[in-house]
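Commentary on secondary and tertiary structure
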Amino acid sequence: MLFIAVALLAPWLAPFDPAANDWTSIRQAPSAVHWLGTDDVGRDVLSRLLFGARASLYAGVISVVIAFCIGVPLGLLSGYYGGILELVISRIVEAVLACPFLILAIAFAAFLGPSLDNAMIAIGIAASPIFARLTRGQVLAIKTEDYIEGARAVGASDLRIICYYILPNVITPLLVQATLTIATAIIAESSLSFLGLGQQPPAPSWGSMLDTAKNFIVQAPWMALFPGIGIFVVVFGFNILGDGLRDALDPREAR
Amino acid sequence: MLGFIVRRLLIALPTLFLITLMVFSLQLLLPGDPALALAGEERDPAVIEAIREQYHLNDPIPVQYAHWLIAALHGDLGISLRNREPVTSLIVDKLPVTLELAILAMLIALVIGIAAGLVSAIKKGSRWDFGANVVALSGISVPNFWLGIMLILLISVRWGWLPASGYTSPLDSLAQNLEMMIMPAVVLGTAIAGVMMRHTRSAMISAIHADYVRTARAKGLSERVVMLKHALRNALVPVVTMGTLQFGELLSGAVLTEQVFTIPGFGKLIVDAVFNRDYAVVQGVVLFTGTVYILMNLLADLLYYLLNPRLRA
């Protein structure tokens, strides 16, 4: 909640313009004026950190929305209809899953071009098989339930059964997965930005801040310290939230 | 056994085919004329036409794919625009470096992960369990490139214990090689250790409550023997197969780790290729990692089959 609040209120919380260079205060250590110090071109690290939270939140949420919108319909279709459709979709899902997440995201970002939007698309595509596979498994588990048979018996169309009877019953584990995937997506976005394939300068992002900071770790370690702590705390928070939700909603996992 | 392997290979083939289709399709994402994109800085019309010929860009897309696939099946993944070397030999050159890093990281992850998972499961609900869970979740949540930067700052810059970057082949000097690889391996192994700890804990908790463990206790065996010989041995079956599957994650993580520690491996190859717009190398690396993952999947199934007597019965 704090992370979301910080990300949304960044323009009001940030003490300085995150993109404004100040050549008179290059690489200044944390002080009363610049609480978290300044970077290699005199920009306030705290302000960049606050605005960087926006990029991380934006990337995390949008990537998961993309993954959800691609993966869930594929999982619903393959689980519900089965047969050739299931076979084809399952093989596609396996093929995408076979490529390591970050390498696939790097490849997509390379071919689409480096930008935060393309990084989100790349992460979203790379993460979609997880949702497809999870949805399919859930659909297979419930599609033979009596209430689905009942809906079919009263003449409900396939679309209606999928949207009104199946989707609401499979949504809970998908939301848990979405929470955990936000954590993965935030790390992936910062990784891509760290490699120069995500948020482009001078716009701040925690990953790109670390990319710059690695060149000044001796002269200005604070440049690297705070963005990393930011990523860690937020990802840790989303992982705890996801684990907690899973434990609460699936007692078998709570062991 | 042979039948099992053949069956698994037959299942893997369609997936492999789809990976080749996906990797080939990546070049369709290139904006504008792909020949211009593939030419990089080069603007000589003759060179661009040669690229068009080389990649069969004047042919329909299915024909282009067929040419690309036949070449890939012969081990020809194209020529790097940057180095003018075959992509396959670039990958083969860089692979041992990343493989060494991945194996060291996996060893660290297995030792830490299994030990922590074991303690956590035996002392379930205790402070040890809570502490191990927090450490595991921290390992999963920490961005490994940041951990690398922080370790360089502390261990190399402040204390001067280990070199901050670079690579020496183990054939030149094994001691120097280990000195340079230990920090990157710890960084890369951290997240996997967290995952392994969680799997070990979960598998051990299941094993502890199994009938055969109760029987072993009833026979009067010491708790140490019950845990290590009966519970852990069985709990390790899913853990070992899980470890095999984590190898793909190690290749992913190696991209960032190699970047931070300037290790000239496979990960650095793809990052450099991205910035040099060396698309054939990017495609080659993705195809290669996908294939490796499928092989590791196959290996995991095989291990599971070998370690689980019930499947062999």
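Residues numbered from 1 in each chain as written. Chains lettered and ligands numbered in written order. Predicted model: local features only at pLDDT ≥ 70, side-chain atom pairs only at ≥ 80, totals over all residues.

**A look at the overall build of chain B**
- Each helix and strand in chain B was counted, giving 14 helices and zero strands.
- Scanning chain B from its N terminus toward the C terminus, one meets helices and strands in the order α-α-α-α-α-α-α-α-α-α-α-α-α-α.
- For chain B, the spread of C-alpha atoms along the three principal axes comes to 85 × 55 × 35 Å.
- Here chain B holds 313 residues, and the buried ones make up 41% of them.
- Taking contacts inside chain B between residues at least 6 apart in sequence as the whole, the part at least 24 apart equals 70%. (Helix = DSSP H or I, 4+ residues; strand = E, 2+ residues; numbered from the N terminus. Buried ≥ 20, exposed ≤ 12 C-beta atoms within 10 Å, placed from the backbone. Contact = placed C-beta atoms within 7 Å.)

**Some words on the overall build of chain A**
- Check the secondary structure of chain A and you find nine helices and zero strands.
- Put simply, chain A runs from its N terminus to its C terminus through helices and strands in the order α-α-α-α-α-α-α-α-α.
- Dimensions of chain A, computed from C-alpha atoms along their principal axes, come out at roughly 75 × 35 × 30 Å.
- Taking all 255 residues of chain A together, 50% fall into the buried category.

**Digging into the nonpolar core**
- Counting residues in each nonpolar core, the largest one holds 161 residues, and the members touching the most others are Ile103, Ala105 and Ile106 of chain A together with Ile270, Val282 and Val285 of chain B.
- Among the elements that take part in this core, helix 2 (residues 45–81) of chain A stands out by supplying 16 residues, more than any other.
- Here this core spans two domains, since at least three of its residues come from each of domain 1 (2–73) and domain 2 (88–312) of chain B.
- Aside from chain neighbours lying at most four places away, what touches Ile106 of chain A is Leu192, Leu195 and Leu197 of chain A together with Val255, Ile270 and Val274 of chain B. (Core = buried A, V, L, I, M, F, W, Y, C linked by C-beta atoms within 7 Å. Domains from an automatic or database assignment.)

**Examining the domain arrangement of chain B**
Residue and element names in this part refer to chain B.
- What the domain assignment lists for chain B is domain 1 (2–73) and domain 2 (88–312).
- Spacing between the C-alpha centres of domain 1 and domain 2 amounts to 32 Å.
- Across the contact, 15 residues belong to domain 1 and twelve residues belong to domain 2.
- Looking at the side of domain 1 that touches domain 2, the elements that each hand over two or more residues are helix 1 (2–25) and helix 2 (34–39).
- Residue composition of the side of domain 1 that touches domain 2, by class: ten nonpolar, four polar and one charged. (Nonpolar A, V, L, I, M, F, W, Y, C, P; charged D, E, K, R; others polar.)

**Quick look at the interface of chain A and chain B**
- Of the residues lining the interface, 38 residues belong to chain A; the matching set on chain B comes to 42 residues.
- Residue contributions to the side of chain A that touches chain B peak at nine residues, all from helix 4 (residues 101–112) of chain A.
- The class makeup of the residues in the side of chain A that touches chain B is 30 nonpolar, four polar and four charged.

**Examining the confidence of the model for chain A**
- Here chain A shows a mean pLDDT of 87. Residues at 70 or above account for 98%.
- Here helix 1 (residues 2–13) of chain A stands out as the least confident element of chain A, with mean pLDDT 81; helix 2 of chain A is the most confident, with 92. (pLDDT = per-residue confidence, 0-100.)

**Some points on the confidence of the model for chain B**
- Summary statistics for chain B give a mean pLDDT of 86 and a share of 98% for residues scoring 70 or more.
- Taken element by element, the predicted model of chain B shows its lowest mean pLDDT in helix 14 (residues 309–312) of chain B (65) and its highest in helix 7 (residues 144–158) of chain B (93).

**Section: the packing of helix 5 (residues 87–122) of chain B against helix 11 (residues 247–260) of chain B**
Residue and element names in this part refer to chain B.
- Viewed as axis vectors pointing N to C, helix 5 and helix 11 meet at an angle of 115 degrees, and their least axial separation amounts to 10 Å. Of the two elements, helix 5 crosses helix 11, and the hand of that crossing is right-handed. When helix 5 is examined against helix 11, the residues Thr98, Leu101, Ala102, Ala105 and Met106 are found in contact with a partner set consisting of Phe247, Leu250, Leu251, Ala254 and Thr257.
- A per-class count over the contact of helix 5 with helix 11 returns eight nonpolar, two polar and no charged. (Axes fitted to C-alpha atoms, helices over the stretch in contact; angles between N-to-C directions. Left-handed = near helix turned anticlockwise from the far one by under 90°.)

**A word on the environment of Arg214 of chain B**
- Among the structural elements, Arg214 of chain B can be located in helix 9 (residues 211–218).
- For the pair Arg214 of chain B and Val226 of chain B, spaced twelve residues apart in sequence, the C-alpha separation works out to 8.9 Å.

**Some details on unusual backbone geometry**
- That bond from Pro201 of chain A to Pro202 of chain A is cis: its omega, 5 degrees, falls within 30 degrees of zero.
- Residue placement: Pro202 of chain A occurs in the loop between helix 7 (158–194) and helix 8 (206–213).
- The residue Thr262 of chain B is not glycine, and still its phi comes out positive at about 50 degrees.
- Checked against the element boundaries, Thr262 of chain B lands in the loop between helix 11 and helix 12 (266–275).
- Taking the C-beta count within 10 Å as the criterion, Thr262 of chain B has 12 such neighbours and is therefore assigned exposed.

**Some words on the packing of helix 9 (residues 222–249) of chain A against helix 6 (residues 127–141) of chain B**
- Taken N-terminus to C-terminus, the directions of helix 9 of chain A and helix 6 of chain B make an angle of 120 degrees; their axes are 9 Å apart at the nearest point. Our classification of the angle between helix 9 of chain A and helix 6 of chain B gives oblique. Seen from above, helix 9 of chain A lies across helix 6 of chain B with right-handed handedness. Residues Phe232, Val235, Phe236, Asn239 and Ile240 of chain A of helix 9 of chain A touch helix 6 of chain B, and the partners they reach there are Leu137, Ser138, Ile140 and Ser141 of chain B.
- Along the lines of polarity and charge, the residues of the contact of helix 9 of chain A with helix 6 of chain B split into six nonpolar, three polar and no charged. (Parallel < 35°, antiparallel > 145°, perpendicular 65-115°, else oblique.)

**Overview of the environment of Val213 of chain B**
Residues and elements named next belong to chain B.
- Checked against the element boundaries, Val213 lands in helix 9.
- With 18 C-beta atoms counted inside 10 Å, the residue Val213 sits in the partly exposed group.
- Those residues within four positions of Val213 in sequence are excluded, and the remaining contacts are Ala207, Ile208, Val226, His230 and Ala231.

**Some thoughts on helix 7 of chain A**
- In this model helix 7 of chain A runs just 45 Å from its N-terminal to its C-terminal C-alpha over 37 residues, more than 12% under the 54 Å that 1.5 Å per residue would give.
- At the C-terminal side of helix 7 of chain A, Gly196 of chain A shows a positive phi close to 85 degrees. (Expected span 1.5 Å × (residues − 1).)

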